[in-house]
Amino acid sequence: LALAGDIILASENAKFADTHAKWALTPVWGMSQRLPRRIGKVKAAEMMFTARTYSGREAEEMGLCNICFPDANFESSVTTFCADMLAN
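Report follows, based on the coordinates. In this text, all values refer to a predicted model and were calculated from it rather than measured experimentally.

The next point concerns the packing of helix α1 (residues 31–39) against helix α2 (residues 41–50). Where α1 contacts α2, the two axes come as close as 7 Å, and the packing angle between them is 130°. Here α1 is positioned oblique relative to α2, judged by the angle of their axes. Between α1 and α2 the crossing geometry is right-handed. On α2, the residues that touch Ser-32, Leu-35, Pro-36 and Ile-39 of α1 are Lys-41, Lys-43, Ala-44, Met-47 and Met-48. The residue makeup of the contact of α1 with α2, split by class, is 6 nonpolar, 1 polar and 2 charged.

All told, the structure shown has 4 salt bridges when counted by the stated rule. In this structure, Glu-12 engages Arg-57 in a salt bridge whose closest nitrogen and oxygen atoms are separated by 3.0 Å. With a gap of 45 residues between them, Glu-12 in the loop between β1 (9–11) and β2 (15–16) and Arg-57 in helix α3 (residues 56–62) connect regions that are remote in the sequence. Taking the relative accessible area as the measure of exposure, Arg-57 reaches 29% and is therefore partly exposed. Here Glu-58 and Arg-52 are joined by a salt bridge, their closest N and O atoms 2.6 Å apart. For Glu-58, a relative accessible area of 26% gives the class partly exposed. Salt bridges linked by common partners bring Glu-12, Arg-57 and Glu-60 together as one network.

Quick notes on the rules
Residues numbered from 1 in each chain as written. Predicted model: local features only at pLDDT ≥ 70, side-chain atom pairs only at ≥ 80, totals over all residues. Heavy atoms only, no water. Axes fitted to C-alpha atoms, helices over the stretch in contact; angles between N-to-C directions. Helix = DSSP H or I, 4+ residues; strand = E, 2+ residues; numbered from the N terminus. Parallel < 35°, antiparallel > 145°, perpendicular 65-115°, else oblique. Left-handed = near helix turned anticlockwise from the far one by under 90°. Contact = heavy atoms within 4.5 Å. Nonpolar A, V, L, I, M, F, W, Y, C, P; charged D, E, K, R; others polar. Salt bridge = Lys/Arg side-chain N within 4 Å of Asp/Glu carboxyl O. Buried < 20%, exposed > 50% of the residue type's maximum accessible area, 1.4 Å probe, protein only.

As structure tokens, then:
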């Protein structure tokens, strides 16, 4: 679902995964296309085939989310980010 958004914000405690492989399902809703475009073919294949869960920080490092904010000030950080966007 997150891949449908233009900007993905996460907290350090967020969890990202593609669990289709766990259930022997084919990725749907464009997941097999959107994920490789977002993080690259090799990392997307790893995510899809292993069904591993990644933290918000790991997601930011691989380009899956735009910014990972600390849990302690997540709400205020997102508010500031949105205010900066609206100012433009």
